[in-house]
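Geometric and topological summary
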Amino acid sequence: MRVLLVEDDTMIGESLRDALRGQGLAADWVRDGRAADAALASERFDAVLLDLGLPGRDGLEVLRALRARGDTTPVIVVTARDALPDRVRGLDTGADDYLVKPFELDELLARLRALVRRHGGRAHSVLGVADLQLDPATREVTRGGRPVLLSAREFAVLQALLERPGAIVSRARLEDRLYGWGEELESNAISVYMHQLRKKLGDDLLHTVRGLGYYAGPAKDGAR
Ligand code: CA
């Protein structure tokens with residue numbers, strides 16, 4: 001999951017970014033409304049965490065512009081404790097949910113998962129193909145009912161593939177899911193994670209389509 005974090009407070013922004021990355025999410029952090037506009041116009045995110053009080057261009061304006069472009073990316077608005085009118089305006093402007101500062105990280109993560117799940121139109125939170133299952137809520141992966149331990153990044157790659165079983169996901173798209181801006185990655189990182197995933201889960205459900213990307217599911221022609 002790739003999240004855009006819009007927050008002008010350095011301490012809050014830094015700790016949220018680190019916490020999200022610690023959960024294996026790709027978190028990009030911008031500190032003002034114009035940078036948020038630019039990021040949202042040029043990149044694709046699974047969710048936006050939007051502070052309303054921002055220098056330059058405030059959060060509501062960013063949200064209004066996003067929706068005016070027909071962009072339905074899920075947005076959680078972050079407001080101060082006593083700012084009920086802000087919350088109402090946020091929801092009226094097209095926010096999907098809101099959080100009141102200060103909030104617990106666990107609550108933020110649960111709301112992010114719920115939002116992305118609803119947005120993706122999936123009623124059930126557990127993803128899977130054949131006897132391979134991944135639960136984004138508990139972060140459990142099982143194959144044939146047997147739990148498999150994955151690193152945060154292996155988990156993120158597998159989740160991206162299982163969100164659309166059978167669909168080819170490009171390496172660039174997987175890299176997007178793993179890394180925020182400014183984080184260096186080895187050019188072969190995704191191949192390495194795929195190799196590790198096949199070692200842990202078996203090589204019958206995870207496939208490479210040369211030059212195109214990867215998919216999860218029963219093998220199709222031309223894949224290996
Ligand atoms: Ca602020």
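First, a word on what this report is: a plain description of the structure on this page. What you see is a predicted model; the values in this text were computed from it and never measured.

We now examine the sheet that holds strand E8 (residues 140-143). Taking strand neighbours across the sheet as the criterion, the four strands line up as E6-E7-E8-E9 in an open arrangement whose pairing is antiparallel. Of all strands in the sheet, those bounded by a partner on one side alone are strand E6 (127-129) and strand E9 (146-148). On average, adjacent strands in this sheet sit at an angle of 25 degrees to one another, irrespective of strand direction. The strands touched by helix H6 (residues 152-162) are E6, strand E7 (132-135) and E8; relative to E7, the strand with the most contacts, the crossing angle is about 110 degrees. Its contacts with the sheet place helix H8 (residues 189-201) against E7, E8 and E9, and it is angled at close to 160 degrees to E9.

So, on to the nonpolar core. In terms of nonpolar packing, the biggest core is built from 28 residues, with Val141, Val157, Leu158 and Leu161 touching the most fellow members. If you list the elements that add at least two residues to this core, you get E6, E7, H6, helix H7 (171-178), H8 and strand E11 (213-216). Aside from chain neighbours lying at most four places away, what touches valine 157 is Leu174, Leu178, Ile190, Tyr193, Met194 and Leu197. Counting 19 residues, the second-largest nonpolar core is a separate cluster that includes Met1, Leu16, Leu20 and Ile76.

Okay, the sheet that holds strand E1 (residues 2-6) next. The strands making up a sheet associate through hydrogen bonds between their backbones, and the pairing can be parallel or antiparallel. With respect to topology, five strands assemble into an open sheet ordered E2-E1-E3-E4-E5, the strand pairing being parallel. For this open sheet the edge positions go to strand E2 (26-30) and strand E5 (97-100), each flanked by a neighbour on one side alone. The sheet shows a mean angle of 20 degrees between the axes of neighbouring strands, direction not considered. The pairing of E1 with E2 spans five bridges and is parallel. Bridge pairing in E2 places arginine 2 opposite alanine 26. Packed onto the sheet, helix H2 (residues 33-42) meets E1, E2 and strand E3 (47-51) and runs at close to 160 degrees relative to E1. Here helix H4 (residues 84-93) sits on the sheet and contacts strand E4 (75-79) and E5; the angle it forms with E5, its principal contact strand, is near 160 degrees.

What follows deals with H6. Burial within H6 is extensive, with nine of its 11 residues counted as buried. Of the positions making up H6, those classed as buried are Glu154, Phe155, Ala156, Val157, Leu158, Gln159, Ala160, Leu161 and Leu162.

Basis of the calculations
- Residues numbered from 1 in each chain as written.
- Predicted model: local features only at pLDDT ≥ 70, side-chain atom pairs only at ≥ 80, totals over all residues.
- Heavy atoms only, no water.
- Pairing = 2+ DSSP bridges.
- Helix = DSSP H or I, 4+ residues; strand = E, 2+ residues; numbered from the N terminus.
- Axes fitted to C-alpha atoms, helices over the stretch in contact; angles between N-to-C directions.
- Contact = heavy atoms within 4.5 Å.
- Core = buried A, V, L, I, M, F, W, Y, C linked by side-chain atoms within 4.5 Å.
- Buried < 20%, exposed > 50% of the residue type's maximum accessible area, 1.4 Å probe, protein only.

These figures capture arrangement, not role.
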